[in-house]
Amino acid sequence: MIRVAHAQATFYDDGAMRPSSAILIELDFDAFRTVRRRVGPEAMMVLLEVAALAYIDSDGRLVADTNAGDLAQRVAAAEPGAPAHRGWSRQPVNDMLARLEAAGFVVREQHS
């Protein structure tokens, strides 16, 4: 099961309510393994980075404003000590995003 929840307000112990933009993405272990098998472990790491950047836009869509180069840097930084030959550069990450899009996990849009 993959579930995305969005909380627009936070309630504090003193009874106060303050706006927030909290997003919870819940992915149970079986679903995680199924997705990882379907797209591969490297693409799964990219998907998790996309999820970490996600927010709800004004149209109510879950979006992440990023690109392949930014994601390559984020994934490489999340994996300290990884050998440089792992391929965390723009083109391999772009290929992984294409794999994730083909599997129906992301939709890419071009913005100017």
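Calculation rules
Residues numbered from 1 in each chain as written. Predicted model: local features only at pLDDT ≥ 70, side-chain atom pairs only at ≥ 80, totals over all residues. Heavy atoms only, no water. Helix = DSSP H or I, 4+ residues; strand = E, 2+ residues; numbered from the N terminus. Areas by Shrake-Rupley, 256 points an atom, 1.4 Å probe, with all protein chains shown as cover. Buried < 20%, exposed > 50% of the residue type's maximum accessible area, 1.4 Å probe, protein only. Lys, Arg positive; Asp, Glu negative; His and termini not counted. Salt bridge = Lys/Arg side-chain N within 4 Å of Asp/Glu carboxyl O. Contact = heavy atoms within 4.5 Å. Arc of directions from axis to C-beta. Core = buried A, V, L, I, M, F, W, Y, C linked by side-chain atoms within 4.5 Å. Axes fitted to C-alpha atoms, helices over the stretch in contact; angles between N-to-C directions. Parallel < 35°, antiparallel > 145°, perpendicular 65-115°, else oblique. Nonpolar A, V, L, I, M, F, W, Y, C, P; charged D, E, K, R; others polar.

Asker: Which parts of the structure should I look at to understand the overall build of the protein chain?
Answerer: What the protein chain contains, in helices and strands, is four helices and four strands. In the protein chain, the succession of α and β elements from N to C terminus is β-β-α-α-β-β-α-α. Total accessible area on the protein chain is roughly 7,600 Å²; 52% of this is exposed by carbon and sulfur atoms.

Asker: Is there a simple way to explain the side chain of E49 in this structure?
Answerer: Tracing the backbone through its elements, the reader meets E49 in helix α2 (residues 41–53). Of the buried charged residues, E49 lacks a salt bridge, with R74 as the closest side chain of opposite charge at 4.9 Å. Excluding its chain neighbours within four sequence positions, the residues that come into contact with E49 are L71, R74, V75 and A78.

Asker: Looking at this structure, I do not really get helix α3 (residues 68–78). What am I missing?
Answerer: Along α3, the residues classified as buried are A68, L71, A72 and V75. Burial along α3 is one-sided: seen end-on, the buried residues are contained in an arc of 105 degrees. More than 90 degrees from the buried face of α3, the exposed residues found are Q73 and A77. Packed against the buried residues of α3 are α2 and α4 (90–102).

Asker: What's the story with the nonpolar core in this structure? I'm lost.
Answerer: Counting residues in hydrophobic clusters, the biggest one holds 18 residues, and the most contacted among them are V46, V93, L97 and L100. Breaking this core down by element, the ones donating at least two residues are α1 (29–39), α2, α3 and α4. Here this core gets five residues from one element, more than from any other, and that element is α2. Ignoring anything within four residues of it in the chain, the contact list for L100 reads V39, A43, V46, L47, F105 and V106.

Asker: Explain the pattern of salt bridges to me, please; I cannot follow it from the model alone.
Answerer: Side chains that differ in sign of charge can pair as their charged atoms come close. According to the stated counting rule, one finds three salt bridges in the structure shown. Of the charged contacts, one joins E109 and R61 as a salt bridge, the two residues approaching to 2.8 Å between their closest N and O atoms. Of this pair, E109 sits in the segment after α4 while R61 sits in the loop between β3 (55–56) and β4 (62–63), placing them 48 residues apart in sequence. E109 sits in the partly exposed class, given a relative accessible area of 41%. On the basis of relative accessible area, R61 is assigned to the partly exposed category, the value being 36%. Put simply, D70 and R74 hold a salt bridge, and the shortest N to O gap is 2.9 Å. With D70 and R74 both in helix α3 and four residues apart, the pair spans about one turn of that helix.

Asker: Hey, could you run me through the packing of α2 against α3 in this one?
Answerer: The angle between the axes and the distance between the axes are what describe a pair of packed helices. The contact between α2 and α3 brings their axes to 10 Å, and the two run at 105 degrees. Comparing the axis directions of α2 and α3 gives the class roughly perpendicular. Between α2, through M45, V46, E49, V50 and L53, and α3, the contact on the second element is made entirely by D70, L71, R74, V75 and A78. Residues of the contact of α2 with α3, tallied by class, amount to seven nonpolar, no polar and three charged.

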